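Architecture at a glance
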Amino acid sequence: MSDMQDFIEKMPKAELHMHIEGSLEPELMFELAARNKIDIPFKTVQAVRDAYHFSNLQDFLDIYYQGMSVLITEQDFYDLTFAYLTKIHQQNVIHTEIFFDPQGHTDRGVSFSSVINGIDRALSDGEKKYGISSRLIMCFLRHLSEEEAFTTLEQALPYRDKIIGVGLDSSELGHPPSKFERVFAKAKTEGFLAVAHAGEEGPPGYVKEALDLLKIDRLDHGNRSLEDAELIDRLVDMQMALTICPLSNFKLAGVKDMRNHPIKKMLDLGLKVTVNSDDPAYFGGYVNENYLAVADNLDLTKDDILALARNGFEASFCTNTQKQAMIARLEDYGH
Ligand code: HPA
Ligand code: ZN
């Protein structure tokens, strides 16, 4: 093992962009399919993995929605979430902020309460067993209507204390943030923080809409902001955090060669960038593999790695006291 790999693996870190449904490994997919008597169009774990070749976001999303069809009961959501926490505990992740897509389940007849109660119970157990702190972010599927997003927001209100914020994911092109301006305004009045996927495939104008219309507190992806110099300045000035997902960018073909991944350039520009896994079961790695991919391909130094990890803690939705405690652990480690 290289010295850098060892350094990354042992480093305390946060993850701020991970869709819990995207952590469904093929082994658990088969187990849940059998438990729930659901047919999946694959015979073996290897056949599932072999199907994971994507040429863009939509290609991936089609397989991602099909994969989550095995999730039915509260226990399924618990098992999914606890498996992710077990994995990241081995990777020395000490804080995670998890997305979930309730509409991917309620549209199949699964109750909102099964989804949230299963995830929430696993997060509590993860805190007790592994000491991992967490927050939950509910995403609206942007290919669906504003009205359906409003319905989802209503369903979330009884669970307000379990959900820190709302987000926006799924097919970006053709579904600009402006479509959800009123939903996000309502969510903000209910006390939710806001994030949105923008500039993953969509143009810089979508990032501006996310800032101006959705009033986001953090930007998911944001890669295409680099095409607009004024927008870069604005993101730097406001120290808006970007949740970058290196292996996702590569697998969805936004970045053709990891040696050209923009995260180093972003760091050098003064953008507050963080490293995350997005959909680890689909994109070939959890958070450590993402750090390692950029470290290796971009010749990052240990100071770069520490700066990325520090951004992760600073950009989290924790209290200042919690952030300071986590940063102190990182500084201890870096010295
Ligand atoms: N982009 C948009 N929607 C998603 C993603 C993503 O990377 N992962 C899961 N849903
Ligand atoms: Zn994502």
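Read on for a plain summary of the structure. All values reported here derive from a predicted model rather than from experimental measurement.

**A look at the overall build of the protein chain**
Looking only at helices and strands, one finds 17 helices and eight strands in the protein chain. Radius of gyration (C-alpha) of the protein chain: 19 Å, near the 20 Å computed for a compact globule of 335 residues. For the protein chain, the spread of C-alpha atoms along the three principal axes comes to 50 × 45 × 40 Å. Out of the 335 residues in the protein chain, the part that is buried amounts to 58%. By sequence separation, contacts in the protein chain at least 24 residues apart represent 77% of the contacts at least 6 residues apart. Carbon and sulfur atoms form 50% of the exposed surface of the protein chain, whose accessible area is close to 13,200 Å².

**As for the sheet that holds strand E8 (residues 272-275)**
Pairing in this open sheet of eight strands is parallel, and the strands run E1-E2-E3-E4-E5-E6-E7-E8 from one edge to the other. The open sheet has two free edges, formed respectively by strand E1 (13-19) and E8, since each of these has just one partner strand. Direction aside, neighbouring strands of the sheet carry axes that sit 25° apart on average. Bridging between strand E7 (residues 241-244) and E8 involves four bridges; their strand directions are parallel. Pairing of Ala 241 across the sheet is with Lys 272, part of E8.

**Description of the coordination of the zinc ion (ligand 2)**
Distances from the zinc ion (ligand 2) to its protein donors, His 17 (NE2), His 19 (NE2), His 197 (NE2) and Asp 278 (OD), fall at 2.0 to 2.2 Å. Geometry at the zinc ion (ligand 2) is irregular, judged from its four donor atoms and the angles of 82 to 173° they form at the metal. All donors of the zinc ion (ligand 2) come from a single chain, and their spacing in sequence reads H-x1-H-x177-H-x80-D. In this pair, His 17 sits in strand E1 while His 197 sits in strand E5 (residues 193-198), placing the two residues 180 residues apart along the sequence. Using a relative accessible area of 0% as the deciding quantity, one classes His 17 as buried.

**Quick notes on the packing of aromatic side chains**
Scanning the entire structure with this criterion turns up 15 aromatic pairs. Residues Tyr 52 and Tyr 282 carry aromatic rings whose centres are separated by 4.6 Å and whose planes lie at 40° to one another, so their mutual orientation is tilted. In this pair, Tyr 52 is assigned in the loop between helix H3 (45-50) and helix H4 (57-67) and Tyr 282 in helix H14 (residues 280-283), connecting sequence segments 230 residues apart. Of the two residues, Tyr 52 and Tyr 282, both sit in the buried class. Taking 4.7 Å as the distance between ring centres and 50° as the angle between the ring planes, the aromatic pair formed by Phe 60 and Phe 283 counts as tilted. Of this pair, Phe 60 sits in helix H4 while Phe 283 sits in helix H14, and the two are 223 residues apart along the sequence. A single burial state applies to Phe 60 and to Phe 283, both of which are buried. An aromatic cluster is built from Tyr 52, Phe 54, Phe 60, Tyr 64, Tyr 65, Tyr 282 and Phe 283, whose rings are joined through pairwise contacts. Lying over the aromatic face of Phe 192, Arg 160 brings its terminal NZ or CZ to 4.1 Å of the ring centre.

**Considering the side chain of Arg 135**
Note that Arg 135 resides in strand E3 (residues 133-141). We note that Arg 135 is buried and unpaired, the nearest opposite charge coming from Glu 97 at a distance of 5.1 Å. Within the structure, Arg 135 has its side chain in polar contact with the backbone oxygen of Phe 317 (distance 3.4 Å). If near-sequence neighbours (up to four positions away) are discounted, Arg 135 is found in contact with His 95, Thr 96, Glu 97, Ile 98, Ile 164, Phe 317, Cys 318, Thr 319 and Gln 322.

**A word on unusual backbone geometry**
Despite not being glycine, Lys 37 has its phi angle at roughly 55°, a positive value. You can see Lys 37 is positioned in the loop between helix H2 (26-36) and H3. Backbone geometry at Ser 170 places phi at a positive 80°, although glycine is not the residue there. When its relative accessible area of 7% is taken as the criterion, Ser 170 is described as buried.

Parameters at a glance
Each chain carries its own residue numbering, running from 1 in the direction its sequence is written. As a convention, the first chain written is A and the first ligand written is 1, with the rest following in written order. Note on the predicted model: pLDDT of at least 70 is required for a residue's local features to be given, and 80 or more for side-chain atom pairs to be given and counted; whole-chain, interface and lining totals, by contrast, use all residues. Computation of side-chain values: all heavy atoms of the structure, hydrogens and water removed. Put simply, DSSP H or I for four residues or longer makes a helix, DSSP E for two residues or longer makes a strand, and each gets a number counted from the N terminus. The size measure is the radius of gyration over C-alpha atoms, and the globule rule it meets is 2.2 Å times the number of residues to the 0.38 power. Relative accessibility decides the category of a residue: with a 1.4 Å probe and only protein chains considered, values under 20% of the type maximum give buried, values over 50% give exposed, and everything between is partly exposed. Between two residues, a contact is recorded if the distance between any of their heavy atoms is within 4.5 Å. Each accessible area is a Shrake-Rupley estimate made with a 1.4 Å probe; only the visible protein chains count as cover when residues are assessed. Here, a strand pair is defined by DSSP locating no fewer than two bridges between the strands. Here, axes are lines fitted to C-alpha atoms. For helices the fit covers the stretch in contact, and angles between N-to-C directions go from 0 to 180 degrees. Distances up to 2.8 Å from the metal define which N, O and S atoms are donors, and 3.2 Å serves for Na, K and Ca; water is absent from the atom set, so sites may look incomplete. All geometry calls rest on donor angles, where a four-donor set with angles between 85 and 135 degrees is tetrahedral, four- and six-donor sets with opposite donors more than 155 degrees apart and all others between 65 and 115 are square planar and octahedral, and all else is irregular. For Phe, Tyr and Trp, rings pair up if their centres lie within 6.5 Å, where Trp contributes its six-membered ring, and each pair is then called stacked (planes under 30 degrees apart), edge-to-face (over 60) or tilted (otherwise). Think of it as a cone above the ring: NZ of Lys or CZ of Arg counts as a charge over the ring if it is within 6 Å of the ring centre and within 35 degrees of the ring normal. Asp and Glu count as negative and Lys and Arg as positive, but His and the ends of the chain are not part of the count. Whenever Lys or Arg places a side-chain nitrogen within 4 Å of a carboxyl oxygen from Asp or Glu, that contact is recorded as a salt bridge. Any N or O atom pair separated by 3.5 Å or less is treated as a polar contact, with the protein-specific requirement of one donor-capable and one acceptor-capable atom, and with residues adjacent in sequence counted only for side-chain atom pairs.

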